[in-house]
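Each chain, written out:
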Protein chains: 2
Amino acid sequence: MPNRSLALSEMACADCPIRHRAVCARCESDELEKLDAIKYYRRFEAGQTIAWAGDKMDFVASVVEGVASLTQTMEDGRRQMVGLLLPSDFLGRPNRESVSYDVTAATDVMLCCFRRVPFQGLIEETPHLSQRLLEMTLDELDAAREWMLLLGRKTAREKIASFLSIIARRDASLKNAKNATELAFDLPLTREAMADYLGLTLETVSRQMSALKRDGVIELKGKRHIIVPDVEALMDETGDDADGGVYI
Amino acid sequence: MPNRSLALSEMACADCPIRHRAVCARCESDELEKLDAIKYYRRFEAGQTIAWAGDKMDFVASVVEGVASLTQTMEDGRRQMVGLLLPSDFLGRPNRESVSYDVTAATDVMLCCFRRVPFQGLIEETPHLSQRLLEMTLDELDAAREWMLLLGRKTAREKIASFLSIIARRDASLKNAKNATELAFDLPLTREAMADYLGLTLETVSRQMSALKRDGVIELKGKRHIIVPDVEALMDETGDDADGGVYI
DNA sequence: TTCGACATTTGATCTCGATCAAATACAGTC
DNA sequence: GACTGTATTTGATCGAGATCAAATGTCGAA
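Throughout what follows, the structure given in this document is the object of discussion.

Criteria and cut-off values
- Residues numbered from 1 in each chain as written.
- Chains lettered and ligands numbered in written order.
- Predicted model: local features only at pLDDT ≥ 70, side-chain atom pairs only at ≥ 80, totals over all residues.
- Heavy atoms only, no water.
- 1 Å grid on protein atoms, 1.4 Å probe; cavity = no way out; pocket = protein on both sides within 12 Å on 5 of 7 lines; lining within 4 Å.
- Points joined across faces, edges and corners; volume = space filled by probe spheres on them.
- Helix = DSSP H or I, 4+ residues; strand = E, 2+ residues; numbered from the N terminus.
- Nonpolar A, V, L, I, M, F, W, Y, C, P; charged D, E, K, R; others polar.
- Axes fitted to C-alpha atoms, helices over the stretch in contact; angles between N-to-C directions.
- Parallel < 35°, antiparallel > 145°, perpendicular 65-115°, else oblique.
- Contact = heavy atoms within 4.5 Å.
- Pairing = 2+ DSSP bridges.
- Near = heavy atom within 4 Å.
- Polar contact = N/O pair within 3.5 Å; in protein donor to acceptor, adjacent residues only side chain to side chain.
- Phe/Tyr/Trp six-rings, centres within 6.5 Å; stacked < 30°, edge-to-face > 60°.
- Buried < 20%, exposed > 50% of the residue type's maximum accessible area, 1.4 Å probe, protein only.
- Buried area = accessible area lost by both parts, 1.4 Å probe.
- Salt bridge = Lys/Arg side-chain N within 4 Å of Asp/Glu carboxyl O.

Here we look at empty space enclosed by the protein
Moving on, step 1. This model, assessed by the stated rule, comprises two cavities of 30 Å³ or more.
Moving on, step 2. Of the pockets and cavities examined, the largest cavity occupies roughly 360 Å³.
Moving on, step 3. Considering the residues around the largest cavity, the lining is formed by 26 residues, among which Leu 138 and Arg 145 of chain A together with Leu 91, Gly 92 and Arg 93 of chain B are closest to the centre.
Moving on, step 4. Residue assignment for the lining of the largest cavity shows that the elements contributing at least two residues are α4 (127–153) of chain A together with β6 (90–91) and α4 (127–153) of chain B.
Moving on, step 5. No other element matches α4 of chain A, which puts five residues into the lining of the largest cavity.
Moving on, step 6. Residue classes in the lining of the largest cavity are distributed as 15 nonpolar, four polar and seven charged.

Things to note about the packing of helix α6 (residues 191–198) of chain A against helix α7 (residues 202–214) of chain A
A pair of packed helices is captured by two measures, namely the crossing angle of their axes and the spacing between those axes.
All names here are of chain A.
Moving on, step 1. α7 packs onto α6 with a crossing angle of 100° between their chain directions and a minimal axis gap of 8 Å. In this view, α6 runs roughly perpendicular relative to α7, as classed from their interaxial angle. Across from Arg 191, Glu 192, Met 194 and Ala 195 in α6, the residues of α7 making contact are Leu 202, Val 205 and Met 209.
Moving on, step 2. The class makeup of the residues in the contact of α6 with α7 is five nonpolar, no polar and two charged.

Topic: the sheet that holds strand β10 (residues 219–221) of chain B
Residue and element names in this part refer to chain B.
Moving on, step 1. An order of β9-β11-β10 is seen for the three strands of this open sheet, with the pairing classed as antiparallel. The open sheet terminates on both sides in strands that have one partner only, identified here as β9 (183–186) and β10. Neighbour to neighbour, the strand axes of the sheet diverge by 20° on average, direction disregarded.
Moving on, step 2. Across three bridges, β10 lies against strand β11 (residues 225–228) in antiparallel orientation. Of the residues in β11, the one forming a bridge with Leu 220 is Ile 226.

What about the protein's contact with DNA strand D?
Moving on, step 1. Surrounding DNA strand D, one finds 18 residues, the nearest of these being Arg 191, Ser 206 and Ser 210 of chain A together with Ala 156 and Thr 204 of chain B.
Moving on, step 2. For DNA strand D, the backbone makes up 64% of the atoms found within 4 Å of the protein, where backbone means sugar plus phosphate.
Moving on, step 3. Contact between DNA strand D and Ser 206 of chain A: a phosphate oxygen at 2.7 Å from a side-chain N or O atom of the residue.
Moving on, step 4. For DNA strand D, a base oxygen lies 2.9 Å from a polar atom in the side chain of Arg 207 of chain B.
Moving on, step 5. Within the residue set of the surface near DNA strand D, elements represented by two or more residues are α7 of chain A together with α7 (202–214) of chain B.

Quick word on the packing of helix α5 (residues 156–174) of chain B against α7 of chain B
All names here are of chain B.
Moving on, step 1. Remark: α5 packs on α7, axes separated minimally by 9 Å, with the N-to-C direction vectors making an angle of 75°. For the element pair α5 / α7, the angle class is roughly perpendicular. Across the interface between the two elements, Ala 156, Arg 157, Ile 160, Ala 161 and Leu 164 from α5 touch Thr 204, Val 205, Gln 208, Met 209, Ala 211 and Leu 212 from α7.
Moving on, step 2. Residue composition of the contact of α5 with α7, grouped by class: eight nonpolar, two polar and one charged.

Considerations on the environment of Lys 154 of chain B
Residues and elements named next belong to chain B.
Moving on, step 1. By the element assignment, Lys 154 lies in the loop between α4 and α5.
Moving on, step 2. On a C-alpha basis, the gap between Lys 154 and Asp 240 in space is 9.7 Å, while along the polypeptide they are 86 residues apart.
Moving on, step 3. Here Ser 162 takes part through its side chain, which lies 2.9 Å from a polar atom of the side chain of Lys 154.
Moving on, step 4. A distance of 3.2 Å separates a polar side-chain atom of Lys 154 from the backbone oxygen of Thr 238.

Some thoughts on the packing of aromatic side chains
Residue and element names in this part refer to chain B.
Moving on, step 1. According to the stated counting rule, one finds 10 aromatic pairs over all chains in the structure shown.
Moving on, step 2. Judged by centre distance (4.1 Å) and plane angle (20°), the ring pair of Trp 147 and Tyr 197 falls under stacked. Pair noted here: Trp 147 is in helix α4 and Tyr 197 is in helix α6 (residues 191–198), with a separation of 50 residues, a long-range link.
Moving on, step 3. Judged by its relative accessible area of 8%, Trp 147 is buried.
Moving on, step 4. With relative accessibility at 5%, the residue Tyr 197 sits in the buried group.

A word on the interface of chain A and chain B
Moving on, step 1. Opposite the 55 residues of chain A that make contact, chain B presents 55 residues.
Moving on, step 2. For the pair chain A and chain B, the summed buried surface comes to about 4800 Å²; carbon and sulfur atoms form 54% of the total.
Moving on, step 3. For the pair chain A and chain B, the number of links is 14 salt bridges.
Moving on, step 4. Of the charged contacts in the structure, one is a salt bridge between Glu 158 of chain A and Arg 78 of chain B, with a shortest N-O distance of 2.8 Å.
Moving on, step 5. Summed over the shared surface of chain A and chain B, the result is 27 residue pairs in polar contact (both at pLDDT 80 or more).
Moving on, step 6. Of all elements in the fold, only β4 (68–73), β5 (79–85), α3 (116–125), α4 and α6 of chain A reach the threshold of two or more residues within the side of chain A that touches chain B.
Moving on, step 7. Here the element with the most residues in the side of chain A that touches chain B is α4 of chain A; it accounts for 21 residues.

Brief notes about the protein's contact with DNA strand C
Moving on, step 1. Near DNA strand C you find 18 residues, and of these Ala 156 and Thr 204 of chain A together with Arg 191, Ser 206 and Ser 210 of chain B are the closest.
Moving on, step 2. What you see for DNA strand C is that sugar and phosphate hold 64% of its atoms within 4 Å of the protein.
Moving on, step 3. Thr 204 of chain A places a side-chain nitrogen or oxygen 2.4 Å from a phosphate oxygen of DNA strand C.
Moving on, step 4. Looking at the surface near DNA strand C, the elements with two or more residues in it are α7 of chain A together with α7 of chain B.

Listed below in structure tokens is the structure:
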């Protein structure tokens, strides 16, 4: 995820404590003012629904804090998560009035929202904005394709290991931790949400977590806090090749 | 897929027989000339590899004819298709030197290629080009998310029915056929490639095809030609809600 | 027309993850 | 601290799809 850390460093930019540099890396100050004019913050509690599939959504947003998920549901209740949004990720589609997926706060979430219609206008008059959104969308497409490999071909154990390593990696980049052999982080999802992410049942998720713990690949402090004593060992369980499948 | 038919009508535009209007809906003639200057055509035979994962690719392209696939492979040989490109679809990433997936010609394919580096320059100086690419990429992301639901939660039978209806729909839009109750089309993929698309084995694909035929949902003429006597009946097998899950 | 190389179908069996069921842990709240 | 509701773990069993194996098209080349 080459642009992820870039987006984060931009977010840390002193000129822009309100982190919408995530969507606007190269904005001049007058453009930032225009963004400021159409922006507002919203906070959601863990478990709260941000928007239902089919709802009109009159804003797009940048995730500032917390984790949100996009989920599809079939009539009979089968659910599949199709997007997991972490800080600096973008939510919404400028061109589209209504959402296609249920958007839910997995943890407490803070969004930096931009009113949709004027934001769309801003895109049209600010070339690098659409270029930035294109980059972010392409990264998201790459992530979706990794995810498709996971859903279509990986075993339950590989799915869990892959999920843990994805979260660990993003968490480490949020904290700017690098090259540590040991990693520790909190799971942002319940076992049920993990199951929806991975195309499994929550029982299978629980069993495989227990198995990884039994085999010493992970340690659990409480239900949500994970310690990975040896990152390499976890990577070996993912089924991915050593370099994580990332080509430069 | 709201932009699909738009792209196609643009492709048919008399001013632009060389169908790159697929990537450039609103280009003025001087911009078209710049595109012309960096474009060339390449033809690939069915089964031929267009690029291996990790290869440098010095062009991006628009699919003019035929079908190409993007596939990920694990070390032990498990394969998952992660992209299926039909006429008017875009191939490649302007910003990235090398491909992340194996790109293969599923049928005979004709590409309209643009040299990558100058194309990237063109994007930067032509705002609506990146807006157009953003739209196309967002549509592709939507398709990837539908696909994730299929991979994670659908039964083998639902997967096959969904795949057939996806191909039927795109084929119908290519031929500008509308509202027919009966549909007929050729499968662009082998059973093995279908299995890679659907996260199944080729045996399961074959069995479910036979089952759908036995149950009168489809008819087969030869191995590749499909007749759908009742489109509604096929839709009922997909597990999707009646409107195809598309929110307007 | 026959041969050979594939693609596809069909059959028999096995296995991983789903399903059904129950026990346990845990965080609030009174 | 006891109680309640929810999240998680663990157990027992089942079944859809994988795997292994063989038969059956099918199409082009000789």
